[in-house]
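Listed here are the chains, written in short residue letters.
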Amino acid sequence: MATTLAKAAEAVETAARLEHVSKSFAGPGGQQLVLDDISLDVAPGEFVTLLGASGCGKSTLLNLVAGLDRPTAGSITTDGRPALMFQEHALFPWLTAGKNIELALRLRGVPKNDRKDKAERLLELVRLKGAYGKRVHELSGGMRQRVALARALAQESNLLLMDEPFAALDAITRDVLHDELTRIWGETGVSVLFVTHNVREAVRLAQRVVLLSSRPGRVAREWTVDIPQPRRIEDAPVAELSLEITEVLRGEIRRHGQH
Amino acid sequence: MASTETTTASGAEPADARTSDTAASDTATNGARTTGTRPADAELPGIEAGLDALETEQSGRPSLRQTLVGKVLPPVTAIVVVLVVWQGLITFKIVDDPTKLPSPSDVAQAFHTDWLKGDLLGYIWTSVSRGLLGFFFALLIGTPLGLLVARVRFVRAAIGPILSGLQSLPSVAWVPPAVIWLGLNNSMMYAVILLGAVPSIANGLVSGVDQVPPLFLRAGRTMGATGLRGTWHVTLPAALPGYVAGMKQGWAFAWRSLMAAEIIASFPDLGVGLGQLLENARTASDMAMVFEAILLILFVGIAIDLLIFSPLERWVLRSRGLLVKS
Ligand SMILES: Nc1ncnc2c1ncn2[C@@H]1O[C@H](COP(=O)(O)OP(=O)(O)O)[C@@H](O)[C@H]1O
Ligand SMILES: [Mg+2]
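It should be emphasised that the depicted structure is a prediction, and the values quoted were computed from it without experimental measurement.

Novice: What exactly am I supposed to notice about the overall build of chain B here?
Specialist: Counting its secondary structure elements, chain B contains 12 helices and one strand. Ordered by position from N to C terminus, the α and β elements of chain B give β-α-α-α-α-α-α-α-α-α-α-α-α. Across the 326 residues of chain B, 38% fall into the buried class. Partitioning the intrachain contacts of chain B with sequence separation of at least 6 by distance along the chain shows that 69% fall at a separation of at least 24. When the accessible area of chain B is evaluated, it comes to approximately 18300 Å², of which 68% is carbon and sulfur surface.

Here it is in structure tokens:
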């Protein structure tokens, strides 16, 4: 009994706790180890970016945290079901922007009468006030990702998982969305685990950058980012730290070319 | 095992003059949430609104004139050309045998007579009511059947191939056994319609479910749409385009099956539908009436499709932005 209580108390202290998590898939040459012994904590309200080369297992890790897949070894504790945002907006095309958000509210058990109000407030939060009745295909790429963000926020999870959500956007739109995400994170106090392969994006957004090595994915190194928000991607301290991280990342990638 | 190292980068050096005040107030804590305002922040909503406006797709419905020129004019032209050629064959005595090819005016006369007798709408109604009611039953059976095949692996392995094979079996083949099993009555007609339409409807739903992007299912699951809730809120609406395509094909098959059944199993007590009309015209060697019946069968089939199934399909596709603009 005492141990369960201790566990519960602990769970409140972290938004997500990964302990010695490994994941392997059945590949052509037997089991292929994708993630190896990953331990990582995300504190409540913390913004962590997970940085790594393509194919290093970032999406696999997020899927594990989201509960869409089970780790081969190790344990993952989250405080409730996390919300997940994908690179593709994953909005349902048969619903309007507003109804997409309302569906998330409905599945969370929000009573019918409150849904429209809440959805409209969430749209306002992502600065899309007039988009309630718009169909997904009528929205631009950046607007779709903002609606997707609003839908993820509608779940009111303590943890927001984001899998390269801005990777398919043009640079100007991405810049704007960085600013928006930083603002919304500040306003809502949600914890964010943000996956990217873009070093500058990682530094621009995060309080902590976690670098994953490739094949198998391991935590290679971590950086705490003390640059005050709001930052800009072209700010000198951002560029400086990005350079440093890029060097380490390149070193990691070079190791694979040597054998 | 890789060792974990934590490095701290401090933003002591401001990027430019604008950031100096925020940098000064920066505490040593872990990336504090400063809510400083910079000129760029005030500009943000404006930039965003500009981007939104620039990138938003302008989608409006075509004007009435565009619809007339693009959608109505071509088929009307085609019909006029056919009529002119037809009349030409008669006028220039290229075909000079009214028992083989009646003139357009003879056929019009046949329509006119039936209209005056008040029979025309009766023929149409007999067949259409049979067809639609049969189709409705086919929906009631085909939909759960399709869901079962799509979701239950054993059922799919057991009857999936048969179901898609049945689509290529001409439904006329069902008429003789249906007559033997059920006799010459309306239930035999409905049985033939069902056998024609159910496989199409079920298969449409199966392929609709198969084509649901996995991303939607994953997105649904992270929102808590699992099990029946997942089926209702994600799988079924996502499968709707395939389902509607199956319905459209199902109607075409239902109508064909019904006409076959009416022609083969014509029986006075059943009431005269379009198929019986055709069969009666054949036995009376009345070529104008044969043409009348064929034209009615064709136009009623097209009309039901144009009035019900095409608008349904277009609505489904348009609301998802899947309607290809020509
Ligand atoms: N379901 C799966 N089955 C087999 N291998 C997989 C599966 N999912 C991912 N992988 C493999 O795991 C590795 C990491 O993939 P992923 O997590 O998508 O990388 P990232 O998101 O970092 O680009 C890749 O080599 C990929 O081939
Ligand atoms: Mg990925």
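Novice: Sorry, what's going on with unusual backbone geometry here?
Specialist: Most peptide bonds take the trans form, and the phi angle of most residues other than glycine is negative. All names here are of chain A. Cis geometry is adopted by the peptide bond preceding Pro216, which originates at Arg215 and carries an omega value of -10°. With respect to the helices and strands, Pro216 occurs in the loop between strand S8 (208-212) and strand S9 (219-225). Cis geometry marks the peptide bond from Gln229 to Pro230, where omega comes out at 0°. Summarising the element assignment, Pro230 is placed in the loop between S9 and helix H8 (236-257).

Novice: Sorry if this is basic, but what is going on with the packing of aromatic side chains here?
Specialist: Aromatic rings in a pair are described by how distant their centres are and how their planes are angled relative to each other. For the structure on display, the rule yields 13 aromatic pairs over all chains. Between A:Phe92 and A:Trp94 the ring centres are 4.8 Å apart and the planes differ by 10°, which places this aromatic pair in the stacked class. Residue A:Phe92 shares its accessibility class with A:Trp94, and that shared class is buried. A centroid spacing of 5.1 Å and a plane angle of 75° characterise the contact between B:Phe135 and B:Phe309, whose relative ring orientation is edge-to-face. You can see B:Phe135 sitting in helix H5 (residues 120-151) and its partner B:Phe309 sitting in helix H12 (residues 287-319), a full 174 residues away along the chain. The two residues B:Phe135 and B:Phe309 agree in class, both being buried. Directly above the aromatic system of A:Phe92 lies the positively charged group of A:Arg151, at a separation of 5.0 Å from the ring centroid.

Novice: I would appreciate a short explanation of a positive patch on the surface in the present structure.
Specialist: A cluster of basic residues, A:Arg81, A:Arg106, A:Lys112 and B:Arg229, forms a positive patch on the protein surface. Following the sequence through the fold, A:Lys112 ends up in helix H4 (residues 112-125). In this structure A:Lys112 comes out as exposed when scored by relative accessible area, which is 65%.

Novice: Explain empty space enclosed by the protein to me, please; I cannot follow it from the model alone.
Specialist: A water-sized probe, rolled over the atoms, reveals where empty space remains. Applying the stated criterion across every chain yields a total of four cavities of 30 Å³ or more. The volume enclosed by the second largest cavity comes to roughly 70 Å³. Lining the second largest cavity, in full, are A:Leu84, A:Met85, A:Phe86, A:His89, A:Ala90, A:Ala148, A:Arg151, A:Ala152, A:Gln155, B:Ala219, B:Thr222 and B:Met223. At the level of elements, strand S5 (83-85) and helix H5 (141-154) of chain A together with helix H9 (214-222) of chain B are the ones that each hand at least two residues to the lining of the second largest cavity. Examining the composition of the lining of the second largest cavity, we find that three residues originate from one element, H5(A), more than from any other.

Novice: Explain helix H10 (residues 227-264) of chain B to me, please; I cannot follow it from the model alone.
Specialist: Since there are 3.6 residues in each turn of an α-helix, residues three or four apart along the chain are aligned in direction. Helix length check: H10(B) (38 residues) gives 47 Å between terminal C-alpha atoms against 56 Å at 1.5 Å per residue, more than 12% under. Largest kink in H10(B): about 50°, centred on B:Leu240, with the proline B:Pro241 one to four residues after it.

Novice: Looking at this model, I keep getting lost on a nonpolar patch on the surface. Mind explaining?
Specialist: Residue and element names in this part refer to chain B. On the surface, Leu64, Leu68, Val69, Val72, Leu73, Val76, Val80 and Val84 cluster together into a nonpolar patch covering about 720 Å² of accessible area. Of note, Val69 is situated in helix H3 (residues 64-91). With relative accessibility at 46%, the residue Val69 sits in the partly exposed group.

Novice: For this particular structure, what's the right way to read helix H6 (residues 171-188) of chain A?
Specialist: All names here are of chain A. Taking 1.5 Å of rise per residue, 18 residues should cover 26 Å, and H6 covers 25 Å from first to last C-alpha, within 8% of that figure. Within the sequence span of H6, burial applies to Thr173, Arg174, Val176, Leu177, His178, Asp179, Glu180, Leu181, Thr182, Ile184 and Trp185. Following H6 by one or two positions, Gly189 adopts a phi angle in the positive range, close to 75°.

Novice: Would you take a moment to explain the pairing of strand S6 (residues 159-163) of chain A for this structure?
Specialist: In summary, the side chains of a regular strand alternate between the two faces of the sheet. Residue and element names in this part refer to chain A. Counted residue by residue, S6 has five buried out of five residues, so it is predominantly covered. In S6, alternate side chains face the same way, and those of Leu159, Leu161 and Asp163 on one face and Leu160 and Met162 on the other are all buried. Strand direction decides the pairing type here: S5 and S6, joined by three bridges, are parallel. Residue pairing across strands places Leu84 opposite Leu161, the latter belonging to S6. In terms of strand pairing, S6 meets strand S7 (residues 191-196) through five bridges, oriented parallel. Looking across to S7, one finds that Leu159 is bridged to Ser191.

Novice: Would you mind showing me how to read the packing of H5(B) against H10(B) here?
Specialist: Two quantities define a packed helix pair, namely the angle between the helix axes and the distance between the axes. Residues and elements named next belong to chain B. One way to put it is that H5 packs onto H10 with a least axis distance of 8 Å and a crossing angle of 140°. In terms of orientation, H5 and H10 fall into the oblique class. As H5 packs across H10, the resulting crossing turns out to be right-handed. Residues Ser127, Val128, Arg130, Gly131, Leu132, Phe135, Leu139, Thr143, Leu147 and Arg151 of H5 form the contact with H10, whose own contacting residues are Thr231, Thr235, Leu236, Tyr243, Met247, Gly250, Trp251, Ala254, Trp255, Leu258, Met259 and Glu262.

Novice: What is the right way to look at the nonpolar core in this model?
Specialist: Note on soluble globular proteins: their nonpolar side chains tend to be buried together. Formed by 142 residues in total, the largest nonpolar core has its most connected members in A:Phe92, A:Ile101, A:Leu149, A:Leu160, A:Met162, B:Trp255 and B:Leu274. If near-sequence neighbours (up to four positions away) are discounted, A:Phe92 is found in contact with A:Asn100, A:Leu103, A:Val136, A:Arg151, B:Phe216, B:Ala219, B:Gly220, B:Met223 and B:Val234.

Novice: Teacher, can you tell me more about the pairing of strand S3 (residues 47-51) of chain A here?
Specialist: Residues and elements named next belong to chain A. For S3, the buried fraction is high: five of the five residues fall into the buried class. Burial along S3 is two-sided: Phe47, Thr49 and Leu51 and Val48 and Leu50, pointing in opposite directions, are all buried. Two elements, S3 and S7, share five bridges in a ladder whose sense is parallel. Residue pairing for S7: Val48 is matched across the bridge by Leu193.

Parameters at a glance
Residues numbered from 1 in each chain as written. Chains lettered and ligands numbered in written order. Predicted model: local features only at pLDDT ≥ 70, side-chain atom pairs only at ≥ 80, totals over all residues. Heavy atoms only, no water. Helix = DSSP H or I, 4+ residues; strand = E, 2+ residues; numbered from the N terminus. Buried < 20%, exposed > 50% of the residue type's maximum accessible area, 1.4 Å probe, protein only. Contact = heavy atoms within 4.5 Å. Areas by Shrake-Rupley, 256 points an atom, 1.4 Å probe, with all protein chains shown as cover. Phe/Tyr/Trp six-rings, centres within 6.5 Å; stacked < 30°, edge-to-face > 60°. Lys NZ or Arg CZ within 6 Å of the ring centre and 35° of its normal. Patch = residues over 30% accessible without salt bridge, like charges linked within 9 Å, V, L, I, M, F, W, Y side chains within 5 Å. Salt bridge = Lys/Arg side-chain N within 4 Å of Asp/Glu carboxyl O. Lys, Arg positive; Asp, Glu negative; His and termini not counted. Charge placed at Lys NZ, Arg CZ, Asp CG, Glu CD. 1 Å grid on protein atoms, 1.4 Å probe; cavity = no way out; pocket = protein on both sides within 12 Å on 5 of 7 lines; lining within 4 Å. Points joined across faces, edges and corners; volume = space filled by probe spheres on them. Expected span 1.5 Å × (residues − 1). Bend = angle between axes of the 7 residues up to and from the residue. Pairing = 2+ DSSP bridges. Axes fitted to C-alpha atoms, helices over the stretch in contact; angles between N-to-C directions. Parallel < 35°, antiparallel > 145°, perpendicular 65-115°, else oblique. Left-handed = near helix turned anticlockwise from the far one by under 90°. Core = buried A, V, L, I, M, F, W, Y, C linked by side-chain atoms within 4.5 Å.

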